Each structure stands twice: as structure tokens, then as C-alpha cells.
Amino acid sequence: MLRRSDLSRRRFLRRALSSAGGLVVAGCDSLSRSEWFPKVLGAGEELNRTTHRWLGGRRSMAQEFAEADLSPDFRSNGTSSPNSAPYRALAAGGFADYRLEVGGLVEKPAALSLAELRALPSRTQITRHDCVEGWSAIGKWKGAKLSALLAAVRPKPGARYVVFYCADPMEANGTGLYYESIDMDDAYHPQTILAYDLNDGMLPIKNGAPVRLRVERQLGYKHAKYVMRIELVENFARIAGGKGGYWEDQGYEWYAGI
Ligand SMILES: Nc1nc2c(c(=O)[nH]1)N[C@H]1C(S)=C(S)[C@@H](COP(=O)(O)O)O[C@H]1N2
Ligand SMILES: [Mo]
């Protein structure tokens, strides 16, 4: 298990590098999507990988733990019960009427019931959640692989980010809701799931029922709870404060790598 000091050292390294290194990485990323780059610049790719590793393992897997490491209770943070009439109605019905809407830049928009989400290829993982407020907890999550959901809706070529709109109303932003976003690199990562179970039981309301995002290489605030709608977009220009998330609109980093 990572010691606290290791964690802060890694965060320090990441911050120290993010001004200079971040630019390099962003540049390499967009270049590597064009046809010629990988063929011509093998050395550049190696540099790209090394830089990612320095930045906290962007290409790697988040650490996974054993059952013995599980926290006795997975605490709640932020919203613990969304204060909206539609959400309360869904919860009262045991989420039988819940439909996860998936739209935006996709060929086949969809609205999935919990049963349909549970029928998608899933992954179970025991991971540590790190909140910027200074606490961590280890939990066992099971959920649909976001990669499988994306395969079903077929992203259009222009899709660069996946946006998650939540059920909890927030005053301080334009959508009026908590929301978050990730890029395609994290969207297709094997540990990125839409979790419906926590510690072998149904996801409790305090932790985001019926569905919450797990994006394990990033900090707690990226893990959107109460996900109602997913939108694939090219950029964040027309979404709330334009920074890609509720906390990002208030100055938090968009890429919250651990
Ligand atoms: N919809 C929604 N998602 C959210 C939040 C929130 O307030 N609303 N809080 C975030 C923060 S800061 C953290 S640390 C985690 C907390 O998850 P937990 O309640 O399962 O501990 O959820 C994140 N996702
Ligand atoms: Mo958090």
C-alpha cells in the first residue's frame, strides 16, 4: 500500500511538472492521433511515455488491493442524498424507472435501464479513493465497463470527451447540477467503470446510487455520483463554466491525477 508520504511526493512531482510537462504531453497526445506521427517519431513516443510516467502513470493501472484492505465503512462526501423531486421519485421506486441517457456525438443514442447496464461486460476492483479534503477509503466496486457502453453507442470521430451529468442540484454553476468529464484515454481505460455495486451490495444512496463513475487514476471529485446522463462532446465551450466539471469551474484541476 502506498504510504501517505509517497502520495504527497507523487502529487508534488506531478504539480512541479504539470506546467512544463503538461504542455509537452498535450502536444504529443494530439500528434499521436495523426497517421504519420507514430511511424516517423518512435523516439518521440518513448519520450511521451516517460513523461506520462513522471506525471503519475497516465498510461498505467491504478493500484488494486485485497479484501483484507477494505475500509470498514466507505464514508460519503459532498452530496449524500440528492435534493431533487425526480431523483427522490426514482429512489422511492427502487430505481426501477432509472434510465441512463447516452447522447451527444454518438451514432446510436441510448437509454439504459439498470438491468441493461448490468448485462454489459463488467469489472470488479478494490481501489483506494483519495479526496482532496484529506481522507482516503478502500472499497470494492463492480460496474459496467465504460468502454463496453461506448462500443454500443459508437462515438463519432469528433468525440473527445465524455461528460457525466448528475442528479444533485448545485447552485454555483450553469447546468445547475454536479457534473464531471474525462477524455477518451480514461474513458477506454480498463478500470473506468459505471459502478452499481459497492462491497458486494447495491451501491448505497450516500455513495451515488444507482450509478457512479469510477475513474481510478484520478482524485475523488472526478468520480461523479448519481449519474443520470452521459454526453460525448468535442469541447466544454457550452457546458456550465466551460472547464469540464463542477469543481473545475471553481478552479480545481481538470486532470486530477493521483
Ligand atoms: N454527484 C456528485 N458526485 C460527487 C460529489 C458530489 O457532491 N456530487 N462529490 C465528489 C467528491 S469531492 C468525492 S470525494 C466523492 C465522494 O464519494 P463518496 O460519497 O462515495 O465517498 O464523490 C465525488 N462525486
Ligand atoms: Mo472529494
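Everything that follows concerns the structure shown earlier in this document.
Residues numbered from 1 in each chain as written. Chains lettered and ligands numbered in written order. Predicted model: local features only at pLDDT ≥ 70, side-chain atom pairs only at ≥ 80, totals over all residues. Heavy atoms only, no water.

With respect to the environment of Asp69
Inclusion rule: Only DSSP runs of H or I reaching four residues or more are called helices, and only runs of E reaching two or more are called strands; each is numbered from the N terminus.
Secondary-structure assignment places Asp69 in the loop between helix 3 (42-54) and helix 4 (85-92). A C-alpha to C-alpha distance of 9.9 Å links Asp69 and Lys140, two positions 71 residues apart in sequence.

A look at the pairing of strand 7 (residues 193-198)
Note the cut-off: Only protein chains enter the accessibility calculation, which uses a 1.4 Å probe. A residue is then buried if its area is under 20% of the maximum for its type, exposed if over 50%, and partly exposed in between. Two strands pair under a simple rule: DSSP has to find at least two bridges between them.
With respect to burial, strand 7 is a largely interior element, six of its six residues being buried. Here strand 4 (residues 135-145) pairs with strand 7 via five bridges, running antiparallel. Residue Gly143 lies in a different strand from strand 7, and its bridge partner there is Ala195. Relative to strand 9 (residues 212-214), strand 7 runs antiparallel, the two sharing three bridges. Bridge pairing links Ala195 to Arg212 in strand 9. Note: strand 7 against strand 8 (residues 201-202), two bridges, orientation antiparallel. Paired with Asp197 across the two strands is Met202, which belongs to strand 8. The hairpin turn running from strand 7 into strand 8, its antiparallel successor, is two residues long, and Asn199 in that turn takes a positive phi close to 50°.

What about the layout of surface pockets?
Selection criterion: A cavity here means a set of points on a 1 Å grid, drawn over the protein atoms and nothing else, where a 1.4 Å probe fits but cannot get out; a pocket is an open set with protein on both sides within 12 Å along at least five of seven lines, and a residue lines either one if it has an atom within 4 Å of a point. Grid points are joined across faces, edges and corners, and a volume is the space filled by probe spheres set on the points. Just so you know the grouping, Ala, Val, Leu, Ile, Met, Phe, Trp, Tyr, Cys and Pro go in nonpolar, Asp, Glu, Lys and Arg go in charged, and all remaining residues, Gly too, go in polar.
Roughly 360 Å³ of internal volume is contained in the second largest pocket. Along the walls of the second largest pocket sit 26 residues, with Asn77, Gly78, Tyr178, Gly220 and Tyr221 positioned nearest its centre. Of all the secondary-structure elements, those providing two or more residues to the lining of the second largest pocket are strand 3 (122-131) and strand 5 (161-169). Residue composition of the lining of the second largest pocket, by class: 12 nonpolar, eight polar and six charged.

Some remarks on the site of ligand 1
The criterion, for reference: We call a residue near a given molecule or strand whenever any one of its heavy atoms falls within 4 Å of it. Polar contacts, as counted here, are pairs of nitrogen or oxygen atoms within 3.5 Å of one another; within protein the pair requires one atom able to donate a hydrogen and one able to accept it, and residues that are adjacent in sequence qualify only if both atoms are side-chain atoms. The Shrake-Rupley method, run with a 1.4 Å probe, gives the accessible areas here. Residue values count only the displayed protein chains as cover. Occupancy of a cavity or pocket is assigned to a molecule whenever over half of its atoms lie within 2 Å of that pocket's grid points.
With respect to spatial proximity, 22 residues lie near ligand 1, and among them Arg75, Asn77, Asp168, Asn207 and Lys225 are the closest. Thr79 has a polar backbone atom sitting 2.9 Å from an oxygen atom of ligand 1. Residue Lys206 places a main-chain N or O atom 3.4 Å away from an oxygen atom belonging to ligand 1. The fraction of the free accessible surface of ligand 1 (530 Å²) that becomes covered by protein chains is 98%. Mapping ligand 1 onto the cavity grids shows that it belongs to the second largest pocket. Residue classes in the shell around ligand 1 are distributed as nine nonpolar, eight polar and five charged.

Some details on unusual backbone geometry
Outside of glycine, negative phi angles account for most residues, and trans bonds account for most peptide bonds. The amide bond that connects Ala209 to the next residue, Pro210, takes the cis arrangement and shows omega of 0°. Here Pro210 lies in the loop between strand 8 and strand 9. Unlike most non-glycine residues, Arg154 shows phi in positive territory, near 60°. Relative to the elements of secondary structure, Arg154 occurs in the loop between helix 6 (146-153) and strand 5.

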